[in-house]
Amino acid sequence: MNTFGTRFKFTSFGESHGLAVGCVIDGVPAGVKFDAVFLQDMLDKRKPGQNKFSSPRKEEDKAQILSGVFNGYTTGTPIAIMVFNENAHSKDYDNVKDVFRLGHADFTYFHKYGIKDHRGGGRASARESIARVAAGAVAMMLLKEFGIEIMSGVFGVGMLESKLSNDEFDFEYAKNSEIYSLDKNIEQDFKDEITKAKKNKDSIGARVFTRVKNPIKGLGEPLYDKLDSKLAHAIMGINAVKAVEIGSGVKSSYTYGSKNNDALKDGKFLSNHSGGILGGISNGDFIELKTYFKPTPSIFLPQQTQNIHGQNLIYELKGRHDPCVGIRGSVVVSAMVAVVMADVLLLNASANLGNLKKIYK
């Protein structure tokens, strides 16, 4: 499916080496202050070619706002945002025209659709995440009206991981870090690990921590659209993501209920093993989650595969690729979390009669 969301929703379009990529966002209330500078800043954080830790593909990724905004405010109508592809090198992929690249969607897309767009992966390319970041930026504009903030950063690269607790992660530092590191003490080690993988024509995985600050209590739609399941759905749809944890995540399966329960005193939770979500509904505490990115499948070492004719062969990839996709992926995680939070915020407006009466007085 190409559309995500229930009330706040967006539909993405475009391919890696097509004319453009973009999205149409629907459900944004009229009167939200539209910050075009913030939108571009979000896209700039995601775009390639910023430093040696991302793909060298040079793209300006300038957002074109086609509709839904007038005099600096949203109009309540669909917001269309488009970004032109200006630096696609399709010829880099001619040598894999009929080859299934390992770890990519080539094999599955071909057997599902009978078509193989070899130009950078086509629709399956991470370049489509431009649409997600654009939609997330608009969602953040809405969330800002309610004091809700989304923060993300990298806490692990390969076998290396920050020893800081969740409360010690430095989101302000991450904003200015080349690799969005949440821990300045291990940042250089992260960089060295990425550089080593790149020099070896390889790639490496990464882990991202995300926090939702000031979430409103009562957000989430049980039973089958719980806030945690909706977040997991959104994040697992991001390229290269292989796992998501809410709160204590898998660690909670190793402990006792007496230790995992978050004690409540004077209106505050004394711990946050739940990750700010109980019964699929936000409890007002920080919403915290971890996202696990696999190594970028595009590497420059000889690999065993097959072509569309079933012939075995060894191939070597060309082109421009991230040595650690999780770095720029952290920006996409923030965006998708924002989309989910905006969606459940709007859905909650009609959750009970009291809410409706407040609206209609």
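The numbering scheme is per chain: residues are counted from 1 as the chain's sequence reads. Restriction of local features to residues with pLDDT of at least 70 applies here, the model being predicted, together with a cutoff of 80 or more for giving and counting side-chain atom pairs; totals for whole chains, interfaces and linings are based on all residues. Water and hydrogen atoms were dropped before computing side-chain values, which therefore reflect all heavy atoms in the structure.

Q: So what about the UniProt feature "binding site: NADP(+)" (unreviewed entry) in the protein? Which residues, and what values?
A: UniProt positions are given in the numbering used here, feature names are shortened, and annotations may be inferred rather than shown by experiment. Residues annotated by UniProt as "binding site: NADP(+)" (unreviewed entry) correspond here to Arg-46 and Lys-52. Looking at the element boundaries, Arg-46 is found in helix 1 (residues 36-46). To sort residues, take the accessible area from a 1.4 Å probe on protein chains only and compare it with the maximum for the residue type: under 20% means buried, over 50% means exposed, and anything in between is partly exposed. Owing to a relative accessible area of 3%, Arg-46 belongs among the buried residues under this scheme. Sequence-distant contacts of Arg-46, that is, excluding residues within four places in its chain, are made with Asp-61, Ala-126, Arg-127, Ser-129, Ile-130, Val-133, Arg-328, Val-331 and Val-332. In what follows, residue pairs with any heavy atoms lying within 4.5 Å of each other are defined as contacts. Once residues lying within four places of it in the same chain are set aside, the contact partners of Lys-52 are Thr-195, Lys-198 and Pro-323. Helix and strand assignments follow DSSP, with helices taken as H or I runs no shorter than four residues and strands as E runs no shorter than two, numbered in order from the N terminus.

Q: Any details on helix 3 (residues 129-144)? Residues and values, ideally.
A: To estimate how far a helix should reach, multiply one less than its number of residues by 1.5 Å. An ideal rise of 1.5 Å per residue puts 22 Å on 16 residues; helix 3 measures up with 22 Å between its terminal C-alpha atoms. Along helix 3, 15 of the 16 residues are buried, which leaves the element largely enclosed by surrounding structure.

Q: Can you break down the sheet that holds strand 16 (residues 287-293) residue by residue, with the values?
A: At least two bridges found by DSSP between two strands is the condition for calling them paired. The 5 strands are arranged 9-8-10-16-11 in an open sheet whose pairing can be described as antiparallel. Of all strands in the sheet, those with a lone pairing partner are strand 9 (160-161) and strand 11 (241-246), marking the two edges. Examined bridge by bridge, strand 11 and strand 16 share 5 bridges and lie antiparallel to one another. Directly across from Ile-246, in strand 16, lies its bridge partner Leu-289. Helix axes use the C-alpha atoms of the stretch in contact, all axes being lines fitted to C-alpha atoms, and the angles between their N-to-C directions lie in the range 0 to 180 degrees. Contacts from helix 5 (residues 187-199) reach strand 8 (149-157) and strand 9 within the one sheet, and its direction differs from that of strand 8 by about 65°. Packing of helix 6 (residues 227-236) onto the sheet brings it into contact with strand 11 and strand 16, and relative to strand 11 it is tilted by some 160°.

Q: Run through the packing of helix 1 against helix 3, naming residues and quoting values.
A: Running from amino to carboxyl end, helix 1 crosses helix 3 at an angle of 145°, the nearest separation of the two axes being 9 Å. Seen along the crossing, helix 1 lies across helix 3 with a hand that is right-handed. Here helix 1 contributes Phe-38, Leu-39, Met-42, Leu-43 and Arg-46 to the contact with helix 3, which in turn contributes Ser-129, Ile-130, Val-133, Ala-134, Ala-137, Met-140 and Met-141. By the convention adopted, Pro, Cys, Tyr, Trp, Phe, Met, Ile, Leu, Val and Ala count as nonpolar, Lys, Arg, Asp and Glu as charged, and the other residues, Gly among them, as polar. Residue composition of the contact of helix 1 with helix 3, grouped by class: 10 nonpolar, 1 polar and 1 charged. Crossing handedness is read from the near helix: turned anticlockwise from the far helix by less than a right angle, it gives a left-handed crossing, and turned clockwise, a right-handed one.

Q: Can you explain the UniProt feature "binding site: FMN" (unreviewed entry) in the protein? Please cite residues and give values.
A: Per the UniProt record, "binding site: FMN" (unreviewed entry) is found at Arg-123, Ala-124, Ser-125, Asn-239, Ala-240, Gly-279, Lys-294, Pro-295, Thr-296, Pro-297, Ser-298 and Arg-320. Taking the farthest pair of C-alpha atoms as the criterion, the annotated set spanning 198 residues is dispersed, since that pair is 43.8 Å apart. In this structure, Ala-240 sits in the loop between helix 6 and strand 11. Those residues in contact with Ala-240 that lie beyond four places of it in its chain are Tyr-292, Phe-293, Lys-294 and Val-325. With respect to the helices, strands and loops of the structure, Pro-295 is situated in the loop between strand 16 and strand 17 (303-306). Among the residues examined, Pro-295 registers a relative accessible area of 40% and is labelled partly exposed. Those residues in contact with Pro-295 that lie beyond four places of it in its chain are Ser-203, Ile-204 and Gly-205.

Q: Lay out the pattern of salt bridges in plain terms, naming residues and giving numbers.
A: The term salt bridge refers to a pairing of a side-chain nitrogen on Lys or Arg with a carboxyl oxygen on Asp or Glu at a separation within 4 Å. Inspection of the entire model under this criterion finds 17 salt bridges. The salt bridge partner of Glu-187 is Lys-191, with a shortest N-O separation of 3.8 Å. Of this pair, Glu-187 and Lys-191 both sit in helix 5, 4 residues apart, roughly one helical turn. For Glu-187, a relative accessible area of 8% puts it in the buried group. For Lys-191, a relative accessible area of 13% translates into the label buried. Two residues, Lys-230 and Asp-343, come together in a salt bridge whose shortest N-O distance is 3.0 Å. On the criterion of sequence distance, the pair formed by Lys-230 in helix 6 and Asp-343 in helix 8 (residues 325-347) is long-range, its members being 113 residues apart. Residue classification places Lys-230 among the buried residues on the basis of a relative accessible area of 5%. Relative accessible area serves as the criterion here: at 0%, Asp-343 is assigned to the buried category.

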